[in-house]
Number of protein chains: 2
Amino acid sequence: MPQLQAKSLEMRTPQATKTAVLVIGGAEDKVHGREILRTFFGRAGASKAYITIIPSASREPAIIGGRYIRIFEEMGAQKVEILDIREREQCEASQIKASLEACSGVFLTGGDQLRLCGVLADTPAMEIIRQRVRAGQLTLAGTSAGAAVMGHHMIAGGGSGETPNRSLVDMATGLGFIPEVIVDQHFHNRNRMGRLISAISAHPDRLGIGIDEDTCAVFERDGWLQVMGKGSVTIVDPTELTHTNEPHVGANEPLTVHNLRLHILSYGDRFHLYQRTVLPAVHRISS
Amino acid sequence: MPQLQAKSLEMRTPQATKTAVLVIGGAEDKVHGREILRTFFGRAGASKAYITIIPSASREPAIIGGRYIRIFEEMGAQKVEILDIREREQCEASQIKASLEACSGVFLTGGDQLRLCGVLADTPAMEIIRQRVRAGQLTLAGTSAGAAVMGHHMIAGGGSGETPNRSLVDMATGLGFIPEVIVDQHFHNRNRMGRLISAISAHPDRLGIGIDEDTCAVFERDGWLQVMGKGSVTIVDPTELTHTNEPHVGANEPLTVHNLRLHILSYGDRFHLYQRTVLPAVHRISS
C-alpha cells in the first residue's frame, strides 16, 4: 500500500526534466532527423526550454550562433539566445550572468577550443554554468571544440599518421565540467587514436574518450554515459596500465603503453565513468 | 659436475644460428644503420647466410629484388639469389624447390599481398618454406605486403578515417606462417587502427598486430616477439572480449567491440603470443 501511494505520488508530481551533459564529436546532423540536437532540446526542457548558445570558440560567432538559434526555435524552444562573449570582461556582465542563471540549456559551438577556454576559464559566467550543471539545474552540450573543453586536461591540437609520441598531441587546461575525462572529437574521422593514446600515456589517471562526428556521449548525473548518433565512442581506459615510458623519453621518441583497455561503443551502448563497466545495447537479432 | 660438463659441451659445440620470423612494417631503413635488415642477415647465418629473395608481391620484381641483393651481398652473405616467381607453375620447378631447401633465409618483399598469395599459396615451394620455418631451419622475413601475408587471415586492403565498420577492411586468406595473428603494416603511419579493430571484431580468436614503418616484430620460436626499429608495434588482444555486434550489423554500420586489450610496444618490448604477457624493455632512467 505505501508503494502504491509512492507510485501515485510520482505520477501526480510534475517531474523536472533530467539534465545531462552531451558531448558531441562535431558535424552533428542539423538538417534531417537532428537526433542529437533534438535530444539536447528535450533534456533542456523541450517547449519550456530556455537555451543559451555560446559561440565563443568560433571566429564567426554570429553566423554559427544564428544557425543554432533557428534550429532550436524551429523545434519550439520557449526562448533561445546567443551569448556573444568575445572578451573575458563580458563574463562579469550582469546580463550574461542573469541569462546563465535563468536558462535551462547551454550549447557550446565548435571553433577553436583554446579560444573558448581563453574567454571562459575561471570567470563568474563559467562558475555559474559549472555549479548549475553540477546541481542538475542545467543541460550542457558541446560540439567539436565545445566537446574538447569538457575535461580538466584538454587536447588543444595535434597530428595523426605517426607512431604515438609525446609531440603528437598538444595539451592544455580545459573547462573541467567532467574532469575525469580527456575528450577527443572528429575521432575516427580524423584518425585521432594515436594522439588520444599519447594524451592518456601522459595522464593515466584520466579516461580517454574519442567521439566520432555526428555522434554523442550523453553523460547522466549517475555516472553512466550512453552513445547516440551514427558513429562510435571510443574509450581508452588506463586503469590497468602496467607500464609506460612516457616520463622517460624524448618528445619525438615512440611511446610504450602496456595494458590499456579499449572499448568501441556504438548506438545505445553504455559505459560507467566510475565503475568502468560497459553495457551493450540490446542488439538486433540477425535474421 | 654433470652441469659443468654440459656447459663446456655447449661452449665447444658450434651452435647453429637461432632462426626467427621477422615481420616488418614496410619502409625499413635500407641506407644507414639498416638495423632490421642486418638482424635478418645475422639470423639467416651472417657470413654463412644463403638468402633467397621472393619479390612476387611486386610488379617490378627485378628492381626491388636487385636492391635487396645488393644490400645482403654488401653485408657479406655467402650467397644471395632472387627467386623471380611470377606464376604458380614455377613453384613446382625443381630449381626453385632446391634453392628453398638449401637456403638459410627467405625475404618476402613489398608490393601487393593478394598477388603474393595468389602465386605462392598451397604450392610445393610454399610448403618447403613453411616446414623449414617450423623446424627452425630457416629465418623468414616479410616487409609491407610480405608482412601482411604472415597470418591465416590477411588484411588485403581497406580504408581509414571512418568509424570501425565491416566494410572498412577487406579480408582474404594469408600464407599462415603465424596463423594466430592478423598483421597490419605501415600501421600508425597510415592510420590503420580502425581497420585492424574491424578485422579483429570479425576474428576474435586471433591477435591483431599493427607494425609501423621501419619497425619489426621479431618472432622467436618460443612464442616471444620483440620489437626493434624506430616505431611501435600495436597489439590488439581480444582474449577478454565480452561483446561485439559484428555478426549482427550491416557492412557500413558502426561496430561495437567491448573489452579489447591494447598494448603499444616500442624498442625492446616483448610480448608472448600464447601467454599474452607483455614485458617492458629496460627503460632509460630519466636524469
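The rules we used
- Residues numbered from 1 in each chain as written.
- Chains lettered and ligands numbered in written order.
- Predicted model: local features only at pLDDT ≥ 70, side-chain atom pairs only at ≥ 80, totals over all residues.
- Heavy atoms only, no water.
- Helix = DSSP H or I, 4+ residues; strand = E, 2+ residues; numbered from the N terminus.
- Buried < 20%, exposed > 50% of the residue type's maximum accessible area, 1.4 Å probe, protein only.
- Contact = heavy atoms within 4.5 Å.
- UniProt positions renumbered as here; feature names shortened; annotations may be inferred.
- Pairing = 2+ DSSP bridges.
- Buried area = accessible area lost by both parts, 1.4 Å probe.
- Salt bridge = Lys/Arg side-chain N within 4 Å of Asp/Glu carboxyl O.
- Polar contact = N/O pair within 3.5 Å; in protein donor to acceptor, adjacent residues only side chain to side chain.
- Nonpolar A, V, L, I, M, F, W, Y, C, P; charged D, E, K, R; others polar.
- Least-squares fit on C-alpha atoms with pLDDT ≥ 70 in both.
- Axes fitted to C-alpha atoms, helices over the stretch in contact; angles between N-to-C directions.
- Parallel < 35°, antiparallel > 145°, perpendicular 65-115°, else oblique.

Novice: Before we go on, may I ask you to explain the environment of isoleucine 200 of chain B in this structure?
Specialist: Residues and elements named next belong to chain B. Along the chain, the position of isoleucine 200 falls in helix H8 (residues 193-202). Taking relative accessible area as the criterion, isoleucine 200 reaches 1% and is therefore assigned buried. Distance in space between the C-alpha atoms of isoleucine 200 and alanine 27 is 25 Å, their sequence separation being 173 residues. Not counting residues up to four positions away in its chain, the partners in contact with isoleucine 200 are Ile182, Arg206, Leu207, Gly208, Val236, Pro238 and Leu260.

Novice: Hey, could you run me through the UniProt feature "active site" (unreviewed entry) in chain A in this one?
Specialist: Residues and elements named next belong to chain A. When the UniProt feature table is mapped onto this chain, "active site" (unreviewed entry) is found at Ser144, His186 and Glu213. Taking the farthest pair of C-alpha atoms as the criterion, the annotated set spanning 70 residues converges on one region, since that pair is 8.4 Å apart. When you line up the elements, serine 144 lands in the loop between strand S5 (139-143) and helix H7 (145-148). Other than its neighbours up to four places away in sequence, serine 144 contacts Ile24, Gly25, Gly26, Gly110, Gln185 and His186. Structurally, the position occupied by histidine 186 is in the loop between strand S8 (181-185) and helix H8 (193-202). Each residue touching histidine 186, except ones within four places of it in the same chain, is listed here: Gly25, Gly26, Ala27, Ser144, Arg192, Ile211 and Glu213.

Novice: Sorry if this is basic, but what is going on with the pairing of strand S4 (residues 105-108) of chain A here?
Specialist: When a strand is regular, its side chains alternate between the sheet's two faces. Residues and elements named next belong to chain A. By the alternation rule, side chains of S4 split into Gly105 and Phe107 and Val106 and Leu108, which are all buried. Bridge analysis of strand S2 (residues 50-54) against S4 gives four bridges, and the strand direction is parallel. Across the sheet, the residue bridging to isoleucine 51 is glycine 105, located in S4.

Novice: What should I look at first to understand the interface of chain B and chain A in this one?
Specialist: Put simply, an interface is often sized by how much accessible area is lost when its parts join up. Contacts between chain B and chain A engage 41 residues on the former and 41 residues on the latter. Both sides of the chain B and chain A interface together cover about 3,500 Å² of buried area, and 51% of this is carbon and sulfur. A per-residue breakdown of the area chain B buries against chain A is headed by His248, Leu262 and Ile264 of chain B, which together make up 17% of the total. Counting the contacts that link chain B with chain A gives two salt bridges. Between glutamate 240 of chain B and arginine 261 of chain A there is a salt bridge, and its shortest N-O distance comes to 3.6 Å. On the surface where chain B and chain A come into contact, there are 20 residue pairs in polar contact (both at pLDDT 80 or more). Sorting the residues of the side of chain B that touches chain A by element identifies H8, strand S14 (257-265) and strand S16 (278-279) of chain B as the ones contributing at least two each. Of all the elements, S14 of chain B adds the most residues to the side of chain B that touches chain A, at nine residues. Each residue belonging to the side of chain B that touches chain A can be placed in one class, and the counts come to 15 nonpolar, 18 polar and eight charged. Sheet topology note: the strand S14 (residues 257-265) of chain A/S14 of chain B ladder contains five bridges and is antiparallel.

Novice: Just checking my understanding: could you explain the relation of the copies chain B and chain A for this structure?
Specialist: Mapping between the two copies of the chain is achieved by a rotation about an axis and a shift along the axis. For the pair chain B and chain A, the relating rotation is 180°, the translation along its axis is 0.0 Å, and the fit reaches an RMSD of 0.0 Å. Within this description, the copies of the chain are treated as partners about a two-fold rotation axis. Scanning chain B for the C-alpha nearest the rotation axis identifies arginine 261 of chain B, at a separation of 2.4 Å. By residue overlap, the copies meet face to face through one surface: 100% of the interface positions of chain B are interface positions in chain A.

Novice: Would you mind showing me how to read the packing of helix H4 (residues 94-102) of chain A against helix H6 (residues 124-134) of chain A here?
Specialist: In a pair of packed helices, the angle between the axes and the distance between the axes together describe the arrangement. Residues and elements named next belong to chain A. Packing of H4 against H6 brings their axes to within 9 Å, and their N-to-C directions diverge by 5°. Put simply, H4 runs roughly parallel to H6. Of H6, the residues touching H4 (which contributes Ile96, Lys97, Leu100, Glu101 and Ala102) are Pro124, Ala125, Ile128, Ile129 and Arg132.

Novice: Help me understand the sheet that holds strand S15 (residues 270-272) of chain A, please; the structure alone is not making it clear to me.
Specialist: Strand pairing in a sheet takes place through backbone hydrogen bonds and is either antiparallel or parallel in direction. All names here are of chain A. Strand order in the open sheet formed by nine strands is S3-S2-S4-S5-S1-S10-S11-S15-S16, with mixed pairing between adjacent strands. The two strands at the open ends of the sheet, each matched to only one other strand, are strand S3 (79-82) and strand S16 (278-279). Inspection of the sheet shows strand S10 (residues 215-219) paired to strand S11 (residues 224-229) by five bridges, in the antiparallel sense. Bridge pairing in S11 links phenylalanine 219 to leucine 225. Of the strands in this sheet, strand S1 (21-24), S2, S4, S5, S10 and S11 are in contact with helix H2 (residues 35-43), which crosses S11 at around 135°.

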